[in-house]
Amino acid sequence: MAASTGRTVGSILLKCGTRCGSLNKTSYNFTRQVLSRQLCVSSALHRKNLAAAGPEKFSEEFIKKQVEEYNIGKRHLANIMGEDPETFTQQDIDRSIAYLFPSGLFDKRARPLMKHPDEIFPKQQAVQWGADGRPFHFLFYTGKQSYYSLMHDTVAKVLAAEKQQVLLLSEGPVPQDTKPISLVGSRWLLKEELEELLVETISDHDYARFIQLMERLLSLPNCLSEKDFVQRYRKQLEIQSSKQQVAPLQYDENGVAYSTADGRRKTATCTVLLRDCGSGSISINGRDYLHYFPVLQDREQLMFPFHFLDMLGRFDGQCTVGGGGRSSQAGALRLAISRAMLSFLSEGQVESMRQAGLLTPDPRVKERKKPGQEGARRKFTWKKR
Amino acid sequence: MWRACQSERHLGQYYTLPTSHLHTIFPHGLPARYQQQVKTFNEGCVMVRQPALELISYLKAADYSKPAVRYLLYGLKGSGKTMSLCHTIHYCSTQGWLVLHIPDAHLWVKNCKELLPSSYHTSRFDQPIEASNWLRNFRTTNERFLSKIKLRQRYTWTKRESTEKGSPLGELVDMGVSRVKSSSDVVGAVLKELRLQAAETEESEGFRLAVAIDGVNSLWGRTTIKKEDKSPVAPEELTLIHNLRKMIDNNWCGGAVIATLSQTGSLYSPSSAYLPKELLGEEGFDSMDPFIPVPVSNYSEKEFESCYLYYLDRHWLQHPHSENEGKKEIIFLSNRNPSVLERLCAFL
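Computed from a predicted structure; not experimentally measured.

**Q** If you had to explain the overall build of chain B to someone new, which residues and values would you point to?
**A** Of the regular secondary structure elements, chain B holds 13 helices and eleven strands. A compact globule built from 348 residues would reach a C-alpha radius of gyration of about 20 Å, and chain B, at 21 Å, matches this within 12%. Dimensions of chain B along its principal axes, counting C-alpha atoms only, are 70 × 50 × 35 Å. Looking at chain B as a whole, 53% of its 348 residues are labelled buried. If you take every contact in chain B between residues at least 6 apart in sequence, the share linking residues at least 24 apart comes to 72%. For chain B, the computed accessible surface area is about 16300 Å², with 51% contributed by carbon and sulfur atoms.

**Q** So, the layout of surface pockets: which residues are in play, and what are the values?
**A** All names here are of chain B. Taken as a whole, the second largest pocket holds about 570 Å³ of empty space. Around the second largest pocket, the lining is made up of 25 residues, and of these Ser119, Tyr120, Thr156, Trp157 and Asp185 lie nearest the centre. Elements represented by at least two residues in the lining of the second largest pocket include exactly strand 5 (116-117), strand 7 (155-156), helix 8 (183-198) and helix 9 (239-248). No other element matches helix 8, which puts six residues into the lining of the second largest pocket. Partitioning the lining of the second largest pocket into residue classes produces seven nonpolar, nine polar and nine charged.

**Q** Please provide a residue-by-residue account of the packing of helix 8 of chain B against helix 9 of chain B, values included.
**A** Residues and elements named next belong to chain B. It is at 9 Å that the axes of helix 8 and helix 9 come closest, and there the two elements cross at 5°. The pairing of helix 8 with helix 9 is recorded here as roughly parallel in orientation. Facing helix 8, whose interface residues are Ser184, Asp185, Val187, Gly188, Leu191 and Arg195, helix 9 presents Thr239, Leu240, Asn243, Leu244, Lys246 and Met247. Looking at the contact of helix 8 with helix 9 residue by residue, the class counts come to five nonpolar, four polar and three charged.

**Q** Before we move on, could you go through the sheet that holds strand 8 (residues 316-322) of chain A and cite the residues and values that matter?
**A** Residue and element names in this part refer to chain A. What the six strands build is an open sheet, ordered 3-4-5-8-6-7; its pairing is mixed. Edge positions in the open sheet fall to strand 3 (250-251) and strand 7 (287-288), since each of these has one partner strand only. Summarising the sheet, strand 4 (residues 257-265) and strand 5 (residues 268-275) pair through eight bridges and their orientation is antiparallel. Opposite arginine 265, over in strand 5, you have alanine 268 as the bridge partner. Packed onto the sheet, helix 14 (residues 326-341) meets strand 4, strand 5, strand 6 (282-284) and strand 8 and runs at close to 145° relative to strand 4.

**Q** Which residues make up the pattern of salt bridges, and what values go with them?
**A** Residues and elements named next belong to chain A. Under the defined criterion, the tally for this structure stands at 28 salt bridges over all chains. Across the pair glutamate 367 and arginine 377 runs a salt bridge whose closest N-O atoms are separated by 3.0 Å. A residue pair is termed long-range when its members are at least 10 positions apart, and glutamate 367 in the segment after helix 15 (347-356) and arginine 377 in the segment after helix 15 qualify at ten residues. Accessibility expressed as a relative area gives 39% for glutamate 367, which makes it partly exposed. Here arginine 377 falls in the exposed class, since its relative accessible area comes to 60%.

**Q** An account of the sheet that holds strand 4 (residues 98-102) of chain B is requested, with residue identities and associated values reported.
**A** Residue and element names in this part refer to chain B. The strand order across the open sheet built from five strands is 4-9-10-3-11, with neighbouring strands paired in parallel fashion. With partners counted over all chains shown, the strands left at the sheet margins are strand 4 and strand 11 (292-296), one partner each. The sheet shows a mean angle of 15° between the axes of neighbouring strands, direction not considered. As paired strands, strand 9 (residues 209-214) and strand 10 (residues 255-260) are joined by six bridges and run parallel to one another.

**Q** Can you break down the nonpolar core residue by residue, with the values?
**A** One recurring pattern in soluble globular proteins: nonpolar side chains tend to sit buried together. Counting 57 residues, the largest nonpolar core has Leu100, Phe138, Leu169, Val190, Leu194, Leu209 and Val216 of chain B as its most contacted members. Sorting elements by how many residues they give to this core places helix 8 of chain B first, with seven residues. Not counting residues up to four positions away in its chain, the partners in contact with leucine 100 of chain B are Trp134, Phe138, Leu191, Leu194, Leu209, Ala210, Val211, Ala212 and Met247 of chain B. Grouped together as the second largest cluster of nonpolar side chains are 51 residues, Leu274, Leu309 and Leu358 of chain A together with Phe304 of chain B included.

**Q** Quick rundown of the interface of chain A and chain B? Include the residues and the values.
**A** Taken together, the contact between chain A and chain B spans 15 residues of the former and 14 residues of the latter. A buried area of about 1200 Å², summed over both sides, lies between chain A and chain B, and 67% of it is on carbon and sulfur atoms. Applying the counting criterion to the chain A and chain B interface returns zero salt bridges. Summed over the shared surface of chain A and chain B, the number is five residue pairs in polar contact (both at pLDDT 80 or more). Contributions of two or more residues to the side of chain A that touches chain B are made by strand 7, helix 12 (289-292) and helix 13 (296-308) of chain A. In terms of residue count, helix 13 of chain A provides more of the side of chain A that touches chain B than any other element does, seven residues in total. Class assignment for the residues of the side of chain A that touches chain B results in eight nonpolar, three polar and four charged.

**Q** Account for the packing of aromatic side chains, with residues named and values stated.
**A** On inspection of all chains with the given rule, the structure shows 20 aromatic pairs over all chains. Arranged with centres 5.2 Å apart and planes meeting at 15°, the rings of tryptophan 134 of chain B and phenylalanine 138 of chain B form a pair that is stacked. Of this pair, tryptophan 134 of chain B and phenylalanine 138 of chain B both sit in helix 5 (residues 128-141), four residues apart, roughly one helical turn. There is no split in this pair, since tryptophan 134 of chain B and phenylalanine 138 of chain B are both buried. Seen from their ring centres, phenylalanine 304 of chain B and tyrosine 308 of chain B are 5.9 Å apart, and the 25° between their planes marks the pair as stacked. Placement of the pair is phenylalanine 304 of chain B and tyrosine 308 of chain B together in helix 11 (residues 301-313), with a separation of four residues, close to one helical turn. Comparing phenylalanine 304 of chain B with tyrosine 308 of chain B, the two get one shared label, buried. Three or more aromatic residues link up through ring pairs in this structure, and these residues are Tyr289, Phe306, Phe315 and Phe344 of chain A together with Phe332 of chain B. Sitting above the plane of the phenylalanine 229 of chain A ring, lysine 157 of chain A keeps its charged end 4.8 Å from the centroid. Cation over ring: arginine 234 of chain A sits above tryptophan 188 of chain A, and NZ or CZ is 4.6 Å from the ring centre.

Calculation rules
Residues numbered from 1 in each chain as written. Chains lettered and ligands numbered in written order. Predicted model: local features only at pLDDT ≥ 70, side-chain atom pairs only at ≥ 80, totals over all residues. Heavy atoms only, no water. Helix = DSSP H or I, 4+ residues; strand = E, 2+ residues; numbered from the N terminus. Rg over C-alpha atoms; globule rule 2.2 N^0.38 Å. Buried < 20%, exposed > 50% of the residue type's maximum accessible area, 1.4 Å probe, protein only. Contact = heavy atoms within 4.5 Å. Areas by Shrake-Rupley, 256 points an atom, 1.4 Å probe, with all protein chains shown as cover. 1 Å grid on protein atoms, 1.4 Å probe; cavity = no way out; pocket = protein on both sides within 12 Å on 5 of 7 lines; lining within 4 Å. Points joined across faces, edges and corners; volume = space filled by probe spheres on them. Nonpolar A, V, L, I, M, F, W, Y, C, P; charged D, E, K, R; others polar. Axes fitted to C-alpha atoms, helices over the stretch in contact; angles between N-to-C directions. Parallel < 35°, antiparallel > 145°, perpendicular 65-115°, else oblique. Pairing = 2+ DSSP bridges. Salt bridge = Lys/Arg side-chain N within 4 Å of Asp/Glu carboxyl O. Core = buried A, V, L, I, M, F, W, Y, C linked by side-chain atoms within 4.5 Å. Buried area = accessible area lost by both parts, 1.4 Å probe. Polar contact = N/O pair within 3.5 Å; in protein donor to acceptor, adjacent residues only side chain to side chain. Phe/Tyr/Trp six-rings, centres within 6.5 Å; stacked < 30°, edge-to-face > 60°. Lys NZ or Arg CZ within 6 Å of the ring centre and 35° of its normal.

So far we have only geometry, and geometry alone does not tell us how the molecule works.
Below is the structure:
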């Protein structure tokens, strides 16, 4: 089924196996009235599954029933697991489902799931016209009524702000100390997100016009009152560096600080033990790094974390490395050294390391060879005859 | 020019080799990269380092009425063994010794173009080209001795040619250079004569003999030379190697044998081997035993500073960061290994 890519477990719990949880049956329960109405289907469906046989039709009653079933199923699940139904969160639900229906499938989306119907069934627009066939919204015949109504509202706000500005100027040249809305730490909604919000398709051009209009609104001096309106269409960005886990520093018997870390790059794995001794010697698998990496390029890779933080002669390293080739071993060592150095550094330095790309594991691996081709991308020689 | 008065005070400092010496003493002895450096800088400067000083002090203190002492320089690849050897040779020649310098014994056991069966000994093989080259260089190095030393024995080369007893060594060497076919035997004869005559003390017009061999581990390893029936030639079957081995045996007096191990040119040995036991093998170790090992290591802090300052002084390091920031990087990247440092600075 296109909509629910995971098997919804809520219905299974309710019916206890007497009825299969497929939604095909429910579609036959539709009344003739519903079938005769044309439902505008959201763009999300179009995008998610183009191979499906036409868009799905879910009525409001159906969705409501699904929500009820979900809630009751949640309580049943809580009882099964022996926990309090009142304080059963979505996380607990996920945990319980993973416990009751263990699955070894690789694709996470193929595993059993039980979520609120709003997350499973894509949002659809409710019926747009009344019993007499007359549409509710005045912009219905534009085709993209939510988009145009949004633009209409925004323009109204822009005009209001301009009018207010003119009024203020006419009162006297009062220095405006209204601060503009701070945009740091947030970004405009992407086109897909806006589509999801408006539950209708918009084109690139429309999206560009929308962003242009919002920028114009923000450029006006007294737009503080529209802050909430604007924030609805901006998404907060999380601070990346707060995700980094920094292990605390350990001290060995002589009081020398040391730290260990692992690194991996393209089937080469390594572990590094960095000691805050004072000599700049690094030994890899028991051998000197000069002998292990005769190529300058690999030694430069090793040098990069130290050089970046100006700590070239400070640390003493003991590394073990295996797998991969020469270059991937050097890359793995570099990552491991950067991670090991984190515990010696301050927050600002950690952030600068992250921005330099020293802490990002390189996701590139060898691409699989496909049948019918000579390699991953290379095709066989094309012969005309 | 501090020829004989180098002592520990001068550790880490550079001294200049006079150009005339460079041509006479080292026609074939210096490492290739160093020769290029000499050409670029228009002068040859050698750093005074601990292993060379140690060797020179041993040579000064040795007793030359006893059998020849053998010294072996060993160390990691590129740490300066050949350069220390050259330094010692320079010292010896300034002291008036006769220097027998074999620049790279590995050249004699591989890539031989011509292999003749020896006329002297049927089971052995000659290498005329290498032998004649070496004789030519030997002549350049030790000009003044050639007329002084007289042969003790008569050598017959063919039915018509022979060298009489009492004729100077120079004649023998010239004959070897011109008659390429018998040059390997000439080499053998030269070595034998020198061995016999070095035993005499200085009063009776003797001389001290310094045998300097670079890459001595090739004498006991394997060769890549093949006979006509594609079977490999053992080192003993080569005349040159056979005679060299006789030189290394410490049954003669009045000189010293200084040798270096070299992994770079050696055949069939792993690149991580640098200790004498590994590179010489059982047989080689037994023949060299007893010897005085002299380890050569990477530059120390002071030596590195000195080398760096020398490059800066010669304007070899052109990068604007060379003064301060680049130094630490270079230390890290080269780990103070002399050859790696030199290669690194080549493009800075």
